[in-house]
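# A look at the structure
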Amino acid sequence: MEHWDDMRVFLAVARAEGLSAAAPRLKMDPSTLGRRVARLERAMGGALFVKSPQGYQLTDLGVRIRDSAMQAEVHLTRALHEGQEASAALTGQIRIGAPDGAANFLLPQVCAAIQHDNPDLEVQILALPRVVNLSRREADMAITVSPPQAGKLTVQKITDYQLHLAMRSDQPEPLSVADLKTHQIVGYIPDMIFDKELDYLGAIGAGGVQLASNSVAVQLQMIRRAGVGIVHDFALPFAPELRRVLIQEVALQRAFYLVRHTTDRHSDRLNRFADALRRGLQEEVVRLERKACLTASPLI
């Protein structure tokens with residue numbers, strides 16, 4: 001265990017691919033991380049990273065050590081939480097990776113409620129426009145829109161959710177799907193769609209988009225200014241000036257899944273958090289979707 005703390009630094013830098021990106025999570029400054037990495041490299045007898053202005057990339061030795069260190073990290077984390085798991089309250093740090101639709105409009109209030117009931121728990125939400133890599137321990141668990149087909153992972157369906165076309169209430173409503181060609185279409189940047197379930201253009205017969213972003217939150221802000229696009233029903237209460245249009249012609253359903261690393265299945269602490277997270281998300285989707293069906297009103 002002499003070098004384990006340096007190994008923890010090494011894993012954080014490897015995951016973040018740089019000192020500056022790893023520093024906030026470890027609550028250390030980049031120069032300190034650099035000295036710790038250098039000390040570990042001396043102890044290991046070789047370079048662990050190829051350093052460049054673009055970041056830190058693992059050497060062959062670094063890859064071998066990372067894989068072994070990640071296994072050790074799993075067992076050490078489990079051991080450290082043995083005493084916590086009998087406690088009524090959750091403690092420690094838990095990080096959730098999620099697509100930014102869930103991260104922006106669902107997780108803040110759900111996680112705040114869980115943390116309120118567990119004051120010594122630190123919850124981190126990692127919002128990424130891509131699938132979170134649990135094998136590299138970027139997060140303790142992840143929310144996805146498609147169940148992964150590979151990897152040592154456990155998958156549980158959380159809930160279905162609905163999506164519709166939406167636009168500003170003060171703009172003329174399109175008469176049909178064909179009429180959409182006279183409007184600015186808002187959507188994903190086509191070559192940055194990271195999951196087939198997010199490719200909505202076929203559903204509206206659109207060949208392309210005029211306003212695009214890889215972020216659901218940015219798309220919503222674009223629609224609030226002009227244009228029409230597919231919006232999660234659970235996001236609509238956050239934009240009361242928008243209304244759903246062509247409801248009968250365009251109605252999509254997708255699902256959220258909770259994905260965890262198989263090695264965590266015996267962790268009572270993570271199991272309890274996952275159960276609370278699933279219940280909270282199910283209830284929040286129902287609440288917000290019900291609200292979206294009502295006429296625009298101040299957000300509760």
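Residues numbered from 1 in each chain as written. Predicted model: local features only at pLDDT ≥ 70, side-chain atom pairs only at ≥ 80, totals over all residues. Heavy atoms only, no water.

## Some words on the overall build of the protein chain
Defined as follows: Working definition: helices are DSSP H or I runs of at least four residues, strands are E runs of at least two. Numbering for both runs from the N terminus. The contact criterion used is simple: two residues touch if any of their non-hydrogen atoms lie within 4.5 Å. Residues scored as positive are Lys and Arg, those scored as negative are Asp and Glu, and His as well as the terminal groups of each chain are ignored. Charge positions come from single atoms, namely NZ of Lys, CZ of Arg, CG of Asp or CD of Glu.
A tally of regular secondary structure across the protein chain gives 9 helices and 11 strands. Projected onto its principal axes, the C-alpha coordinates of the protein chain cover approximately 70 × 45 × 35 Å. Across the protein chain, contacts joining residues at least 24 apart in sequence account for 75% of those joining residues at least 6 apart. If the 35 positive side-chain charges of the protein chain are averaged to one point and the 34 negative ones to another, these points end up 2 Å apart.

## A few points about helix α3 (residues 30–44)
As a reminder of what qualifies: For a helix, the expected span equals 1.5 Å multiplied by the residue count minus one. Buried residues are those whose accessible area, probed at 1.4 Å on protein chains only, stays under 20% of the maximum for their type, while exposed residues exceed 50% and partly exposed ones sit between those limits.
Given a rise of 1.5 Å per residue, 15 residues ought to cover 21 Å, and the 21 Å separating the end C-alpha atoms of α3 matches this to within 8%. For α3, the full list of buried residues reads T32, L33, R36, V37, L40 and E41. Against α1 (4–16), α2 (19–26) and β1 (49–52) lie the buried residues of α3. Just past α3, the residue G45 takes up positive phi, approximately 80°.

## Brief notes about the side chain of D233
Mapping D233 onto the fold places it in the loop between β9 (228–232) and β10 (242–245). Excluding anything up to four places from it in sequence, D233 contacts Q162, L163, H164, R244, L288, E289 and A292.

## What to know about the side chain of S213
Take S213: it is sitting in the loop between β8 (211–212) and α8 (216–225). The contacts of S213, once residues within four sequence positions are left out, are G187, Y188, I189, V218, Q219 and M222.

## Concerning the environment of P240
Locating P240 in the fold gives a position in the loop between β9 and β10. Residues P240 and R168, 72 residues apart in the sequence, show an inter-C-alpha distance of 9.0 Å.

## Here we look at the packing of α1 against α2
The packing of two helices is summarised by the inter-axis angle and the distance between the axes. To keep it simple, the criterion reads: Axis angles are defined between N-to-C directions and span 0 to 180 degrees, where every axis is a line fitted to C-alpha atoms and, for a helix, only to the segment in contact. For classification purposes, an angle smaller than 35 degrees is called roughly parallel, one larger than 145 roughly antiparallel, one from 65 to 115 roughly perpendicular, and anything else oblique. By the definition used in this description, the sense in which the near helix is turned from the far one sets the handedness, with an anticlockwise turn below a right angle giving left-handed and a clockwise turn giving right-handed. Under this grouping Gly is polar, as are all residues other than the nonpolar Ala, Val, Leu, Ile, Met, Phe, Trp, Tyr, Cys and Pro and the charged Asp, Glu, Lys and Arg.
One can describe the packing of α1 onto α2 by two numbers: an axis separation of 8 Å at closest approach and a directional angle of 125°. One finds that α1 runs oblique with respect to α2. Of the two possible hands of crossing, α1 and α2 adopt the one that is right-handed. Contacts between α1 and α2 pair R8, V9, A12, V13 and A16 from the former with L19, A21, A22 and L26 from the latter. Looking at the contact of α1 with α2 residue by residue, the class counts come to 8 nonpolar, no polar and 1 charged.

## Some words on the confidence of the model for the protein chain
Our working definition: Predictor confidence is given residue by residue as pLDDT, running from a minimum of 0 to a maximum of 100.
Per-residue confidence for the protein chain averages 86 on the pLDDT scale, and 92% of its residues sit at or above 70. Here helix α4 (residues 60–80) stands out as the least confident element of the protein chain, with mean pLDDT 74; helix α6 (residues 107–117) is the most confident, with 96.

## Here we look at the pattern of salt bridges
Once the charged atoms of two side chains with opposite charge are near each other, the side chains can pair. Worth spelling out the cut-off: For this analysis, a salt bridge means a side-chain nitrogen from Lys or Arg found within 4 Å of a carboxyl oxygen belonging to Asp or Glu.
Under the definition given, this model contains 13 salt bridges. With a closest N to O distance of 2.5 Å, R36 and D6 form a salt bridge. Residue R36 is located in helix α3, and its partner D6 is located in helix α1; the two are separated by 30 residues in the primary sequence. Of the two residues examined, R36 and D6, each falls in the buried class. One salt bridge connects E197 with R254, and the closest N-O pair in it is separated by 3.0 Å. In this pair, E197 is assigned in the loop between β7 (185–187) and α7 (201–204) and R254 in strand β11 (residues 251–261), connecting sequence segments 57 residues apart. By relative accessible area, R254 is classed as buried at 16%.

## Regarding the pairing of strand β6 (residues 153–168)
Rule in force here: Pairing between strands is defined by DSSP: at least two bridges between the two strands are required.
Two strands pair when backbone bridges link them, and β6 and β11 are joined in this way by 11 bridges, in the antiparallel orientation. Following the sheet pairing, Q156 is matched in β11 by L258. Note: β6 against β9, 5 bridges, orientation antiparallel. Directly across from L163, in β9, lies its bridge partner H232. The pairing of β6 with β10 spans 4 bridges and is antiparallel. From the neighbouring strand, A166 faces β10, where its bridge partner is R244.

## Details of α6
Put simply, the rule reads: It is the directions from the helix axis to the C-beta atoms whose arc is reported.
Within α6, burial applies to L107, V110, C111 and I114. Along the long axis of α6, the arc covered by the buried residues comes to 90°, so they all point the same way. At its buried positions, α6 is contacted by β3 (92–98), α5 (100–105), β4 (121–127), β5 (141–144) and α9 (268–292).

## What to know about the packing of aromatic side chains
Filter applied, for reference: Pairing of aromatic rings covers Phe, Tyr and Trp, the last counted by its six-membered ring, and requires centre-to-centre distances within 6.5 Å; plane angles under 30 degrees mean stacked, over 60 mean edge-to-face, and any other angle means tilted.
Within the structure shown, the criterion is met by 7 aromatic pairs. Taking 5.3 Å as the distance between ring centres and 55° as the angle between the ring planes, the aromatic pair formed by F49 and Y56 counts as tilted. Assigned by exposure class, F49 and Y56 land together as buried. A centroid spacing of 5.4 Å and a plane angle of 45° characterise the contact between F105 and F238, whose relative ring orientation is tilted. With a gap of 133 residues between them, F105 in helix α5 and F238 in the loop between β9 and β10 connect regions that are remote in the sequence. Taken together through their ring pairs, the aromatic side chains of F10, F49 and Y56 make up a single cluster.

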